[in-house]
Structure formats: C-alpha cells, structure tokens
Amino acid sequence: MSTQEKKTIGILGGMGPLATADLFQKIVLLTKADTDREHIRVYIDSNANIPDRTAAILSGGEDPVPEMASALRHLEACGADCIIMPCNTAHYFLPRLQAMTEIPFLSILTAAAEACKAQFPGKTVGILATRGTLAANLYQEALAQAGVPYLVPDAPAQD
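Residue positions within a chain follow its written sequence, with the count starting from 1. Predicted model: local features are reported for residues with pLDDT of at least 70 only, side-chain atom pairs are reported and counted for 80 or more only, and whole-chain, interface and lining totals are derived from all residues. With hydrogens and water stripped out, all remaining heavy atoms of the structure feed into the side-chain values.

1. Regarding the pattern of salt bridges
Take a side-chain nitrogen of Lys or Arg and a carboxyl oxygen of Asp or Glu: if they are within 4 Å of each other, that pair is a salt bridge. A complete count under the given rule lists three salt bridges for this structure. Asp22 is the salt-bridge partner of Lys26, the closest N and O atoms lying 2.8 Å from each other. Here Lys26 and its partner Asp22 are both found in helix H1 (residues 17-30), four residues apart, which amounts to about one turn of the helix. The class for Lys26 is partly exposed, based on a relative accessible area of 43%. Two residues, Asp63 and Arg96, come together in a salt bridge whose shortest N-O distance is 2.7 Å. Here the residue Asp63 occupies a position in the loop between helix H2 (53-59) and helix H3 (65-78), and Arg96 occupies one in helix H4 (residues 94-98), the gap between them amounting to 33 residues. Labels follow the DSSP assignment, with helices taken as runs of H or I lasting at least four residues and strands as runs of E lasting at least two, numbered in each case from the N terminus. Partly exposed describes any residue whose relative accessible area lies between the buried limit of under 20% and the exposed limit of over 50%, with all areas from a 1.4 Å probe on protein chains only and scaled to the type maximum.

In structure tokens, the structure reads:
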C-alpha cells in the first residue's frame, strides 16, 4: 500500500492526557507493521483545556464542546480520515461534534458493545464509569442496542 492510500487517525484527546497516550500506544502496539513506515499515521490534539465533561453533564458546568471543536478543527486541518476520542464521558457530546464535520467519528461505546457481544455472547456486562457517563446512559444505550445485558452499580458501589 502506498503512502497515498493509507488512512489517518485523528485523536481528539487531552481529556485525560494519559488516556490519550495509552490509546496511541495501543494503536502502535496493535498495528501489524514490520517497519516504521508501515504504521498508521496518527494526528493527536491533546487539548487539556477542555472543561470537565462530568461537571457539564451533571451540574451545568462549562460546555466542553467549544474546546473540543477547536481540537476537531486542528485534526481536520491535518487531514484525519476518522476521529477517535479516548474519553468515554466525552461521547455524550459526540452527536454535536459529528454535526460539525464530515469526518466520521469511531465510537468507543459502539466498539466496546460490539466487542462484548462478539467475545462474551450471552454474558452480562458490569459498567464501571464516571458518574457523568452513567447518568448519560452512554454504555447502557450502546449495550442495549447491541443486545448485551448489563448491570450498573448502585450509588454506594459507585462511590
């Protein structure tokens, strides 16, 4: 495959800079490549100025979408072919972000739900997540859509 044919990934990160670094490391480690040139080109915008997503969802905190959109514009300018976000809670804002661009987002929610369905058919998934992710029903909806049963810890267990 020539360099022209390769697709690129844009990581809209910084919402947990270590989550961004972990995602990039996983992409590198899981890519079947014999040489450096065979790896996937990855653009990373690790924008640590993005306001807290859980606060925005639960208590009317500052809207993170303007800063997320800024990162998205940078990834568009680089030429990313798809966008991924390593922050689960940020997926609450995915519909607003997707409406701002033609570049497709790959949803961690959908990917996780489909992986659970394929790897553990008939098993029940326990959802461990931030209060914002749980309150927004992000994984509950994705798992239900994939037909995967799930359990959510009660409030004391979440603490």
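2. Focus on unusual backbone geometry
For Asn137, which is not a glycine, the phi torsion comes out positive at approximately 60°. Its location among the elements puts Asn137 in the loop between helix H6 (131-135) and helix H7 (138-146).

3. Comments concerning the packing of helix H5 (residues 108-119) against H7
The axes are straight lines fitted to the C-alpha atoms, using for helices just the contacting stretch, and the angles between their N-to-C directions are given from 0 to 180°. Interhelical geometry of H5 versus H7 gives an angle of 45° and a closest axis separation of 9 Å. The angle between H5 and H7 falls in the class oblique. Crossing angle aside, the handedness with which H5 passes H7 is right-handed. Taken together, the residues of H7 that come into contact with H5 (itself represented by Ile108, Leu109, Thr110, Ala112, Ala113, Glu114 and Lys117) are Leu138, Tyr139, Ala142, Leu143 and Ala146. Residue classes in the contact of H5 with H7 are distributed as nine nonpolar, one polar and two charged. Here the word oblique covers every angle except those under 35 degrees (roughly parallel), over 145 (roughly antiparallel) and from 65 to 115 (roughly perpendicular). In this scheme, a crossing is called left-handed if the near helix is turned counterclockwise away from the far one by less than a right angle; it is called right-handed if the turn is clockwise. Residues count as neighbours in contact if any of their non-hydrogen atoms are within 4.5 Å of one another. Polar here means any residue other than Ala, Val, Leu, Ile, Met, Phe, Trp, Tyr, Cys and Pro, which are nonpolar, and Asp, Glu, Lys and Arg, which are charged; Gly is therefore polar.

Take it as geometry only, folks, not as evidence of what the structure does.
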